[in-house]
Each structure stands twice: as structure tokens, then as C-alpha cells.
Amino acid sequence: MRPVVWRNAGSQTAFQLRPGASIEVTNANPDLAGAIAGALSDLGYDVQRVSQPSGSADGAILTEGTASRSHEDRHWTALQAAKAARRNSGVIILLQGAELFSGLEGLSRTLRKEWPDTQVCAWTIAATAAAQVVHGIQQGYADGIITSSGELLSAEAGVSIAPPSSVPTAKTSVWLITGGARGVTAACAIELARAAGGTILLAGRSAETPWPTDLPPTDDLKTLRGLLVERSRQTGQRVTPAEIDRTARNLLAGNEIRETLEAIRATGSRTAYIPLDAGDIDAVADVLRDAQQKFGAITGWVHGAGVLADKLAMDKTESELRRVFSPKVGGLMNILAAIDPVQLRHIAFFSSAAAFFGNKGQADYAMANALLASAGRSLAQSLPPARVKVFHWGPWAGGMVDSALAGHFEAQGIPLIPVDEGARIFACELLGGGQDQIELVVGEAWATS
Ligand SMILES: NC(=O)c1ccc[n+]([C@@H]2O[C@H](COP(=O)([O-])OP(=O)(O)OC[C@H]3O[C@@H](n4cnc5c(N)ncnc54)[C@H](OP(=O)(O)O)[C@@H]3O)[C@@H](O)[C@H]2O)c1
């Protein structure tokens, strides 16, 4: 299988702002804002520096993504500033620093879908390079990286469309797979165990709750809730519907974890489950220190942990964004700090097609995944012995795609990735894909749309 290459920005030009146009520049990075405002005023633009856009200018240049703040704060304040600028229905430029892990192109691509009357672009620049911004305004550049010579580089990714005929084998001795005990990442972990073997450590928040001896086996949530209600009736226990639901989900999670561990053991690999919230910095440091003492240095890392909190950008709350960022972005940074990255030979980040194309209701998720992609590109440069793959998955027939979501995709004519096919594409690309093809969009519809 040879992935073909997908370029995101069809045209380099997205808008026109003639000299004389009114532009607001946010002060989140005062030095950069001052330099941009000065240079644009000299060219005849009517420039104001503001703490928050008024929504009444022709264009807004937002410097939040270049400020020295936490990833969560940079992305949340950029979203807030974009919302404030939205009323002008004009041009919104989100700036992000090339030296930081950032995902504001996930936001611009999503906002273009949610706000079709607004031109939203994300430019990656050197943090002090006002000249690149001025050049971008004059050219009306679309999303991309503006180089020091003023050239626009647009995002590109391979597209994996065909299931591979065979999965190459590899020798990476100790794998850490966040989210690997459940959902679609579990299927990928099992395929990896078949092909690569070694020690496979699966990490997730759920406990390995044992199945009660007085309940018949089932993997159906509704049936299990019914069984638990019946049992509480028989024992005279008062239990709320919320408690029943929580117990049922915990039991099913425990089952799923055991099934994944058994399937991995059946391949002859060694495996263990580590209860761990990837977003908890102290827990990650403690648990991975102990795990590496016991199993050896981590040499393969698959980051599959993720949650959704879908809502249109205008209604999105900071706590929702933080919830979505915690496993993906918090997990990324916490794990990078807890392992020795130089030991890594394989790195896979589970992103979403939403990061590459944008998706209504997923501004936070698209940003978090686009940030993973920026980290993947950066790690590929700094760790040449490692094969790095960022999978921008289309929707799978499993995991977070429940039956309601599956129906929604079906209605749009977007076929789902069969779980075994996705797992094989994952293992094939991670173990044998081209070293220079870092980002992949996987899913039939994305390749043809
Ligand atoms: N399914 C799809 O169609 C699709 C499409 C595009 C991208 N993806 C990406 O693929 C990955 C897996 O998705 P999925 O569909 O399998 O979702 P899922 O069924 O909801 O599984 C999510 C996994 O992440 C783990 N997780 C969540 N928060 C965590 C945290 N704070 N720390 C550690 N583990 C955590 C979960 O385990 P616990 O609940 O036990 O913590 C679970 O194993 C995600 O990153 C998702 O963004 C999936």
C-alpha cells in the first residue's frame, strides 16, 4: 500500500484586505502586536490594538496563540477572541508560534464550517516575525506556515485508503498504549501485539472491575442495567438510575479490559493494564517511573486516549475545552516528561479527520488533535531514529462512534472504517510506512471528497 498525499489548502489566497481597511490586533503578545500594528499602520491600514476584538473592524489579528501560556490557555483565549471578532463577519487571523505545539488550524478549519460567512485562517509564524504577518495580510493567505521568506506552506497528509495485504513485523520491546485497553485503540493494540510482540502496557482511567458472580455474562449496556435493577429489587437495596448506569458501565469497562489483555496474551506477547489518567501529571510521573523500573524503558508509544464534548464554538465552555485537552494534550506533555523520548523507536498519535478538515461542533477536539499533529511533526525532526505517525482517522465502526453517530455518518454517505481494517492500516503504517510520511488521513470518504 502506498499512501497518496493530500494537500489541505487548495488555494493560497483566502481574502482581500485593502489598505485603509480597519484591523484590530489583540494584545495577548504585546511585543508582536505592537510590531504588527506599527507595520500595518505604515502601509495605510487603520489599526487598533485591543485586549478583545470589538467585532466591528474589517479584520482581526489574534496573537493569543503566540503568548507564553499553557496550551489550554492559549487555545481557549484564541477561541474566545475569535468569538468576539466573529460579529464583524470579516477576516479573522489566528496566529500561532512555530516553536510551540499548537493546533489553531483545527480551530480555523472548524470555524470556517460553523461560520461560512467569515474568513478564518491560522498562520504559523516565528513568534517575533511581524513581517510575515504583514506579508500574509497583503497576500490574503489561507491556512499554513509562513516561512521567513514569506512563502506559504500548506498542510499535507498522506491518505490511507486500502487495507494492507500484510503487516510488517518489528522489534520494539516495550510499548505504552494510552487508551489501549478499550475502544478502537484496543483493536490496534492487539494487531500490534501480533506483529511486533514485546511488552504491551495498556493505560486507561477505568478500573478492572471484576464481574459479579451472581450476574449472568452480557456485553449489552441496556440488558446489564436491567439485571442490576432486578438484583437491587431482590436485595431490597435503594439504588438511583444514575448509580445503576455507572455500575453497569464500570462492569462493561472491566470486561473490555480483560478481553483486550486476553487477546494480547494469546499472541504470545507480555501485557499489563495500568489504571492511569493521562491528564494527571503526578500520577503519570509515578506510574510510568514504576512501570519502567519493572518492564524497562518505553520504546514504542501509541497515544490513543481521547474524549469528546461536542458543542458549537459559540456555546463552548472553558471546562469542556479543558476536558477534551486533558487526555490528548495534557497526556502528551505528561508522558513526554515521564519517559526518555530518545529511547523511542515508534510513536503513533491518534488524531481525527476533524483536525485536518474541521468539523462542526468539534472546535476543541480539532484543536487538540491538530496540536498532536504539530507535536508529531516536531518529534519526527528531533528524534530521527523514531518512526512517527499521526493518524487523522475518519469515523470507525466502533469506539466513540455509537449507533446514533454511525447513523449520522451513514446519512451523510460517509462509510465507517471497519475495526479490523483500521487496526491493520494502523499496524502496517506504524511498523512499515514511509519514515517521511508523518500525517495520514485514514478513511475512504476523506480520500475521495
Ligand atoms: N472511533 C472513531 O471513529 C475515531 C475517529 C477519529 C479519531 N479517534 C480517536 O481514536 C482514539 C480512540 O477513540 P475511540 O473511538 O476508541 O474512543 P473510546 O471508545 O471513547 O475510547 C477512548 C479511550 O481513551 C481512554 N481515555 C480517555 N480519557 C483518558 C485519560 N484521561 N487517560 C487515559 N485514558 C483515557 C479510554 O479509557 P478509559 O475510559 O478507561 O479512560 C478509552 O480507552 C481517540 O483518541 C479518538 O480521538 C477515534
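Residues numbered from 1 in each chain as written. Predicted model: local features only at pLDDT ≥ 70, side-chain atom pairs only at ≥ 80, totals over all residues.

A. Looking closely at the packing of helix α2 (residues 71-85) against helix α9 (residues 318-338). It is at 10 Å that the axes of α2 and α9 come closest, and there the two elements cross at 140°. For the element pair α2 / α9, the angle class is oblique. By crossing handedness, the relation of α2 to α9 is classed as right-handed. Residues H71, E72, H75 and W76 of α2 lie in contact with α9, whose contacting residues are E318, L321, R322, F325 and V329. Grouping the constituent residues of the contact of α2 with α9 by class yields 4 nonpolar, 2 polar and 3 charged. (Axes fitted to C-alpha atoms, helices over the stretch in contact; angles between N-to-C directions. Helix = DSSP H or I, 4+ residues; strand = E, 2+ residues; numbered from the N terminus. Parallel < 35°, antiparallel > 145°, perpendicular 65-115°, else oblique. Left-handed = near helix turned anticlockwise from the far one by under 90°. Contact = placed C-beta atoms within 7 Å. Nonpolar A, V, L, I, M, F, W, Y, C, P; charged D, E, K, R; others polar.)

B. Structural context of the sheet that holds strand β6 (residues 119-125). Taken in spatial order, the 7 strands line up as β3-β2-β4-β5-β6-β7-β8 in an open sheet, and their pairing is mixed. Bordering the open sheet on either side are β3 (46-50) and β8 (152-153), each of which pairs with just one other strand. The strands that helix α3 (residues 104-114) touches are β4 (59-65), β5 (91-97) and β6; relative to β6, the one it contacts most, it runs at about 170°. (Pairing = 2+ DSSP bridges.)

C. Spatial organisation of the site of the ligand. Taken together, 31 residues surround the ligand, and among them G179, G183, S206, G306 and G399 come closest. At the level of secondary structure, the elements contributing two or more residues to the shell around the ligand comprise α5 (183-196), β11 (199-204), α9 and β14 (346-352). In terms of residue class, the shell around the ligand is made up of 15 nonpolar, 13 polar and 3 charged. (Near = placed C-beta within 6 Å.)

D. The arrangement of helix α7 (residues 241-266) in detail. An ideal rise of 1.5 Å per residue puts 38 Å on 26 residues; α7 measures up with 37 Å between its terminal C-alpha atoms. Among the residues making up α7, those that are buried are A248, L251, I257, T260, L261 and I264. On the buried face of α7, the contacting elements are α5, β11, α6 (221-235) and β12 (270-275). A positive phi of about 95° marks G268, the residue just after α7. (Expected span 1.5 Å × (residues − 1). Buried ≥ 20, exposed ≤ 12 C-beta atoms within 10 Å, placed from the backbone.)

E. Spotlight on the nonpolar core. By size, the foremost hydrophobic cluster in this structure holds 127 residues, and its most contacted members are I36, L62, A82, L94, L107 and A189. Among the elements that line this core, the one with the most residues is helix α11 (residues 363-382), at 12 residues. Looking at this core, you find at least three residues from each of domain 1 (4-154) and domain 2 (159-448). In this structure A82 touches L62, I92, L94, L107, L111 and V120, once residues within four positions along its chain are discounted. (Core = buried A, V, L, I, M, F, W, Y, C linked by C-beta atoms within 7 Å. Domains from an automatic or database assignment.)

F. Summary view of the pairing of strand β9 (residues 156-160). Counting buried positions along β9 gives 4 out of 5 residues, so the element sits mostly inside the fold. Of the strand pairs in this sheet, β9 and strand β16 (residues 439-442) are connected by 3 bridges, and their pairing is parallel. By the bridge assignment, V159 is partnered in β16 with V441.

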